[in-house]
Amino acid sequence: MLAILRTPEGKKFLTAVAIVFIVAVSVVTKVTFQGVEDQYNLPMENWNVGMFFIQGAWAAIYSIMFTIIGSLPFGFYFLGPKDDRG
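Calculation notes
Residues numbered from 1 in each chain as written. Predicted model: local features only at pLDDT ≥ 70, side-chain atom pairs only at ≥ 80, totals over all residues. Heavy atoms only, no water. Phe/Tyr/Trp six-rings, centres within 6.5 Å; stacked < 30°, edge-to-face > 60°. Buried < 20%, exposed > 50% of the residue type's maximum accessible area, 1.4 Å probe, protein only. Helix = DSSP H or I, 4+ residues; strand = E, 2+ residues; numbered from the N terminus. Expected span 1.5 Å × (residues − 1). Contact = heavy atoms within 4.5 Å. Patch = residues over 30% accessible without salt bridge, like charges linked within 9 Å, V, L, I, M, F, W, Y side chains within 5 Å. Areas by Shrake-Rupley, 256 points an atom, 1.4 Å probe, with all protein chains shown as cover. Salt bridge = Lys/Arg side-chain N within 4 Å of Asp/Glu carboxyl O.

(A) Representation of the packing of aromatic side chains within the structure. Under the defined criterion, the tally for this structure stands at seven aromatic pairs. Where Tyr-77 meets Phe-78, the ring centres are 5.0 Å apart and the plane angle is 75°; that geometry is what we call edge-to-face. Among the residues examined, Phe-78 registers a relative accessible area of 15% and is labelled buried. Three or more aromatic residues link up through ring pairs in this structure, and these residues are Phe-33, Trp-47 and Phe-52.

(B) Highlighting unusual backbone geometry. Backbone geometry at Asn-41 places phi at a positive 50°, although glycine is not the residue there. Residue classification places Asn-41 among the exposed positions, given a relative accessible area of 66%.

(C) Spatial organisation of helix H2 (residues 8-40). Compared with an ideal rise of 1.5 Å per residue, which puts 33 residues at 48 Å, H2 spans 48 Å between its outermost C-alpha atoms and is within 8% of the ideal. For H2, the complete set of buried residues consists of Gly-10, Phe-13, Ala-16, Val-20, Ala-24, Val-28, Thr-32, Phe-33 and Val-36. A positive phi of about 50° marks Asn-41, the residue just after H2.

(D) View of the environment of Phe-33. With respect to the element layout, Phe-33 can be found in helix H2. In sequence terms Phe-33 and Ala-59 are 26 residues apart; their C-alpha atoms lie 8.6 Å from each other. Contact partners of Phe-33, with chain neighbours within four places excluded, come to Met-44, Trp-47, Phe-52, Gln-55 and Gly-56.

(E) Expanded view of a nonpolar patch on the surface. Taken together, Phe-21, Ile-22, Phe-53, Ile-54, Trp-58, Ile-61, Tyr-62, Ile-64, Met-65, Phe-66, Ile-68 and Ile-69 make up a surface patch of nonpolar side chains, about 1300 Å² in accessible area. At the level of secondary structure, the elements contributing two or more residues to the nonpolar patch comprise H2 and helix H3 (49-79). A per-element tally of the nonpolar patch places H3 first, with ten residues. Mapped onto the fold, Phe-21 is located in helix H2.

(F) Molecular detail of the environment of Met-51. The residue Met-51 is located in helix H3 in this model. Residues Met-51 and Pro-81, spaced 30 residues apart in sequence, show a C-alpha to C-alpha distance of 46 Å. Filtering out sequence-adjacent residues up to four positions away, Met-51 remains in contact with Val-36 and Leu-42.

Here is the structure:
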């Protein structure tokens, strides 16, 4: 597997995964933290450390899962077979 990722196509795939991860983290973090503020009318300056930890953990879990799901098409495109079968 590492040999495949060291090819030019593998490097393009890893770049696409990194971009998907950055987008997922930014969107999920914004939605997660802003959602708590809006839903409970609780500004972040009133949060305790535990709330930041829990929301950060949820954002990390969701970001990883969205990255895995969002990277699948790039994996098929960059790492799939290169013949004329489609």
